[in-house]
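# Reading the structure
One-letter residues, chain by chain:
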Amino acid sequence: MKMKIAVLPGDGVGPEIVREALRVLDAVARRSGHTFEIAEHPVGGAAHDLCGDCLPAATLAAAKDADAVLLGAVGGPKWDSLPAAERPERRALLTLRKELGLYGNLRPVKVWPALKGASPLKDEIVSGGIDLLVVRELTGGAYFGEKLRSADGRSAYDVTPYSVPEIERIALLAFESARRRRGRVTSVDKANVLETSRLWRETVTRLHAAKYSDVELDHMYVDNAAMQLVRSPARFDVLLTENMFGDILSDEASQIAGSIGMLPSASLGKGGRGLYEPIHGSAPDIAGRGIANPIATILSAAMMLRYTFGLDAEADGIERAVGEVLASGIRTADIAAPGVNTVSTTKMGTAIAEVLA
Ligand code: IPM
Ligand code: MG
């Protein structure tokens with residue numbers, strides 16, 4: 001099987017954490033005999049510094065040509081003053097999502113047994129185990145709708161368009177994911193106020209009745225979902241959301257796990273194509289100090305093996321290795337209890353790769 005991976009390290013801690021994910025993939029390759037064809041390309045502010053564009057044509061072409069993209073992070077204060085459409089977040093991330101047709105964003109959130117103490121929620125709320133999956137629509141809604149600032153600069157709007165086919169394909173991904181998990185989907189909307197949400201609810205309900213009546217479905221307003229996520233997160237299996245609601249709820253959910261440094265993501269399009277990245281950003285405050293947690297990126301690489309390449313055993317192996325290293329007490333600063341010794345980004349990556357060797 002051809003396994004061509006475009007690696008886009010990007011800005012801030014991006015290059016440091018991607019290096020560790022590549023170390024882990026290398027360990028997987030040696031052990032399994034698979035060959036990953038890896039090529040790095042500039043993206044984000046780093047690419048802007050090189051050639052004046054956060055998403056150079058050659059990088060976009062390489063991403064399209066690859067089977068999978070592994071991305072670190074983009075953005076930082078140095079590029080905040082660029083015009084909105086040229087900034088790393090919009091020019092690089094949103095354009096990649098749209099151009100690659102990556103409509104389905106999977107963000108799994110779990111509390112690792114060894115890290116229960118790192119969650120800000122009370123023990124009794126997380127002790128039964130938390131394991132939920134946010135399935136976020138990624139190429140529609142207000143992110144990509146028409147935007148306008150009036151001529152006098154004193155009013156503005158962002159249109160939030162959604163069509164039935166766009167809702168159906170993301171709902172299908174949520175239902176299929178639920179079948180492989182605990183069989184429950186909670187669809188999030190604001191159907192008491194928004195017309196797009198009413199279309200969303202109708203469409204999800206229709207697809208459920210037609211093809212997925214074996215899956216349990218409930219609908220929840222987004223404000224209530226935000227509350228339930230901290231009140232009783234264990235009740236959730238799959239959370240299905242539109243683009244903006246999923247952005248907000250996945251950051252909230254990440255805190256349940258103790259650190260945003262633990263959370264991977266997969267952005268999927270047609271035919272198994274995917275972009276994999278940690279859900280955290282470029283963390284300019286700690287960049288270059290070798291202290292960032294590489295686990296979110298390493299787990300993103302595991303998702304890549306699972307979703308794009310169908311290498312479930314290898315993906316399971318990486319996840320098990322992360323669990324073992326955490327159980328042995330090895331911690332980067334973001335997941336360490338006060339007074340506990342911490343290790344560098346490289347030490348953490350090496351420890352996980354060694355379990356796999
Ligand atoms: C995310 C990020 C992006 C988003 C930003 C950087 C544009 O917050 O991936 O969650 O809003 O989608
Ligand atoms: Mg976000």
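Residues numbered from 1 in each chain as written. Chains lettered and ligands numbered in written order. Predicted model: local features only at pLDDT ≥ 70, side-chain atom pairs only at ≥ 80, totals over all residues. Heavy atoms only, no water.

## A few points about the overall build of the chain
A count of helical and extended segments in the chain gives 12 helices and 12 strands. Computed over the C-alpha atoms, the radius of gyration of the chain is 20 Å, within 12% of the 21 Å expected from 2.2 N^0.38 for a compact globule of 357 residues. In terms of overall dimensions, the chain has a C-alpha envelope of 50 × 50 × 45 Å along the principal axes. Looking at the 357 residues of the chain, the share that counts as buried comes to 52%. As displayed, the chain offers around 15200 Å² of accessible surface, 53% of which is attributable to carbon and sulfur atoms. Side chains of the chain give 41 positive and 45 negative charges; the mean places of these two sets differ by 1 Å. (Helix = DSSP H or I, 4+ residues; strand = E, 2+ residues; numbered from the N terminus. Rg over C-alpha atoms; globule rule 2.2 N^0.38 Å. Buried < 20%, exposed > 50% of the residue type's maximum accessible area, 1.4 Å probe, protein only. Areas by Shrake-Rupley, 256 points an atom, 1.4 Å probe, with all protein chains shown as cover. Lys, Arg positive; Asp, Glu negative; His and termini not counted. Charge placed at Lys NZ, Arg CZ, Asp CG, Glu CD.)

## Quick word on the nonpolar core
Formed by 83 residues in total, the largest nonpolar core has its most connected members in Phe 36, Val 135, Leu 240, Ile 295, Leu 305 and Ile 352. For this core, the two domains that each supply at least three residues are domain 1 (1-112 + 259-357) and domain 2 (120-257). Excluding residues within four positions of it along the chain, Ile 295 makes contact with Gly 261, Met 262, Val 322, Leu 326, Ile 335, Met 348 and Ile 352. Ranked by size, the runner-up nonpolar core spans 19 residues in total, among them Leu 8, Val 43, Leu 60 and Leu 100. (Core = buried A, V, L, I, M, F, W, Y, C linked by side-chain atoms within 4.5 Å. Domains from an automatic or database assignment. Contact = heavy atoms within 4.5 Å.)

## Observations regarding the site of ligand 1
The local shell around ligand 1 consists of Glu 89, Leu 93, Arg 97, Arg 107, Arg 136, Tyr 143 and Asp 247. The contact in question runs from an oxygen atom of ligand 1 to an N or O atom on the side chain of Arg 107, over 2.9 Å. One of the side-chain nitrogen or oxygen atoms of Tyr 143 is found 2.6 Å away from an oxygen atom of ligand 1. The fraction of the free accessible surface of ligand 1 (320 Å²) that becomes covered by protein chains is 74%. The dominant element in the shell around ligand 1, judged by the number of residues it contributes, is helix 4 (residues 88-99), at three residues. (Near = heavy atom within 4 Å. Polar contact = N/O pair within 3.5 Å; in protein donor to acceptor, adjacent residues only side chain to side chain.)

## Looking at the domain arrangement of the chain
Looking at the chain, the domain boundaries give domain 1 (1-112 + 259-357) and domain 2 (120-257). When each unit is reduced to the centre of its C-alpha atoms, the spacing between domain 1 and domain 2 is 24 Å. When domain 1 packs against domain 2, the two sides together hide about 2200 Å² of surface, and 63% of this comes from carbon and sulfur. Three residues, Tyr 103, Arg 107 and Val 109, lead the burial of domain 1 against domain 2; their summed loss comes to 32% of the area buried on that side. Counting across the domain 1 and domain 2 interface gives eight residue pairs in polar contact (both at pLDDT 80 or more). The biggest single contributor to the side of domain 1 that touches domain 2 is strand 4 (residues 104-110), with seven residues. (Buried area = accessible area lost by both parts, 1.4 Å probe.)

## A short note on a nonpolar patch on the surface
Side chains of Leu 148, Tyr 157 and Val 159 sit close together on the surface and give an oily, nonpolar patch of about 240 Å² of accessible area. The exposure class assigned to Leu 148 is partly exposed, which follows from its relative accessible area of 42%. (Patch = residues over 30% accessible without salt bridge, like charges linked within 9 Å, V, L, I, M, F, W, Y side chains within 5 Å. Salt bridge = Lys/Arg side-chain N within 4 Å of Asp/Glu carboxyl O.)

## Considering the packing of helix 6 (residues 164-179) against helix 7 (residues 195-211)
Axis angle and axis distance: for two packed helices, these are the angle between their axes and the distance between the axes, and together they describe the pair. Between helix 6 and helix 7, whose axes approach to 9 Å, the crossing angle comes to 50°. Relative to helix 7, helix 6 is oriented oblique. Pair helix 6 / helix 7 crosses with right-handed handedness. Facing Val 164, Ile 167, Glu 168, Ile 170, Ala 171, Leu 172, Phe 175 and Arg 179 of helix 6, the residues of helix 7 in contact are Leu 199, Trp 200, Thr 203, Val 204, Arg 206, Leu 207, His 208 and Lys 211. Considered class by class, the residues forming the contact of helix 6 with helix 7 number 10 nonpolar, two polar and four charged. (Axes fitted to C-alpha atoms, helices over the stretch in contact; angles between N-to-C directions. Parallel < 35°, antiparallel > 145°, perpendicular 65-115°, else oblique. Left-handed = near helix turned anticlockwise from the far one by under 90°. Nonpolar A, V, L, I, M, F, W, Y, C, P; charged D, E, K, R; others polar.)

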